[in-house]
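Survey of secondary and tertiary structure
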Amino acid sequence: MKRFLVFAGALIVAGLAVAQTSPYRLRVLSWSCQSFSRGALIQGMVRNISARPLQDLRVSARIIGPGLRMATNSVPLQDRNLLPGETARFELRVRTNFDTVSRCELWFRNPRVIQIATLVPNPR
């Protein structure tokens, strides 16, 4: 009987986890990563897909070059506070000490959260 109760409890917890809404709070609608001499320009559009406002948003990027050399930067979004359903443009320059960009990585954060769960498509 004890095993049955443990098993039933596990099923209930698993069912609750499946029934919850998406863990993502932001969706990047579009973005690009254009390299230039000793840097990259990242531009795009992001939407708040959560049910709550998001405050003090920052866009962050990591540029990876040859030999896994990296450079990062972070700037506040112009519209730092996004209500549910709102969109905002972002632009970020990352200076590097290398000329070739192998990969660009993008994420968002605020002062209270290390990283905000975001759906990020491949750059165009």
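Scroll up to find the structure.
The text that follows walks through the structure, step by step, so that each part is easy to find. Predicted, not measured: the structure shown is a model, and the values here were computed from it.

Quick look at the overall build of the protein chain now. In terms of helices and strands, the protein chain carries 1 helix and 8 strands. Ordering the α and β elements of the protein chain from the N terminus gives α-β-β-β-β-β-β-β-β. Counting only residues that meet the buried cut, the protein chain has 31% of its 124 residues in that class. Restricting to contacts in the protein chain with at least 6 residues of sequence separation, those with at least 24 account for 67%. Carbon and sulfur atoms make up 54% of the accessible area of the protein chain, which amounts to about 8,200 Å² in all.

What follows deals with the sheet that holds strand E7 (residues 113–116). Whenever strands of a sheet pair, they do so through backbone hydrogen bonds, lying parallel or antiparallel. Here 4 strands make up an open sheet; going across it, the order is E4-E3-E6-E7 and the pairing antiparallel. The open sheet has two free edges, formed respectively by strand E4 (70–76) and E7, since each of these has just one partner strand. Each adjacent strand pair in this sheet contributes to an overall mean axis angle of 30 degrees, direction not counted. When strand E3 (residues 58–64) meets strand E6 (residues 103–110), the two strands line up antiparallel, connected through 7 bridges. Across the sheet, residue Ser60 finds its bridge partner in E6, namely Trp107.

Here we take up the pattern of salt bridges. Summed over all chains, the structure comprises 3 salt bridges. Residue Arg38 is joined to Asp99 by a salt bridge in which the shortest nitrogen-to-oxygen separation is 3.8 Å. With Arg38 in the loop between strand E1 (26–36) and strand E2 (39–48) and Asp99 in the loop between strand E5 (87–95) and E6, this residue pair connects regions lying 61 residues apart in the sequence. Salt-bridge contacts for Arg62 lead to Glu105; the nearest nitrogen and oxygen are separated by 2.5 Å. In this pair, Arg62 sits in strand E3 while Glu105 sits in strand E6, placing the two residues 43 residues apart along the sequence. Residue Arg62 is classed as partly exposed on the basis of its relative accessible area of 27%. Connected via shared salt-bridge partners are Arg62, Arg103 and Glu105.

Leu26, Ile42, Val46, Phe90, Leu106 and Phe108 are the most contacted members of the largest nonpolar core, which totals 23 residues. At the level of elements, E1, E2, E3, E5 and E6 are the ones that each hand at least two residues to this core. The element contributing the most residues to this core is E5, with 4 residues. The residues touching Leu26, leaving out its near neighbours within four places in the chain, are Val46, Arg47, Asn48, Ile49, Leu54, Leu57, Leu82, Phe108, Ile116, Ala117, Thr118 and Leu119.

The space that makes up the largest pocket amounts to roughly 160 Å³. Ser30, Gln43, Gly44, Met45, Val59, Val75, Pro76, Leu77, Gln78, Arg89, Phe90 and Glu91 are the residues that line the largest pocket.

A few words on the pairing of E3. For E3, a buried count of 6 out of 7 residues is recorded, marking the element as mostly surrounded by other parts of the structure. Sheet topology note: the E3/E4 ladder contains 7 bridges and is antiparallel. By the bridge assignment for E4, Ile63 is matched with Ala71.

Basis of the calculations
- Residues numbered from 1 in each chain as written.
- Predicted model: local features only at pLDDT ≥ 70, side-chain atom pairs only at ≥ 80, totals over all residues.
- Heavy atoms only, no water.
- Helix = DSSP H or I, 4+ residues; strand = E, 2+ residues; numbered from the N terminus.
- Buried < 20%, exposed > 50% of the residue type's maximum accessible area, 1.4 Å probe, protein only.
- Contact = heavy atoms within 4.5 Å.
- Areas by Shrake-Rupley, 256 points an atom, 1.4 Å probe, with all protein chains shown as cover.
- Pairing = 2+ DSSP bridges.
- Axes fitted to C-alpha atoms, helices over the stretch in contact; angles between N-to-C directions.
- Salt bridge = Lys/Arg side-chain N within 4 Å of Asp/Glu carboxyl O.
- Core = buried A, V, L, I, M, F, W, Y, C linked by side-chain atoms within 4.5 Å.
- 1 Å grid on protein atoms, 1.4 Å probe; cavity = no way out; pocket = protein on both sides within 12 Å on 5 of 7 lines; lining within 4 Å.
- Points joined across faces, edges and corners; volume = space filled by probe spheres on them.

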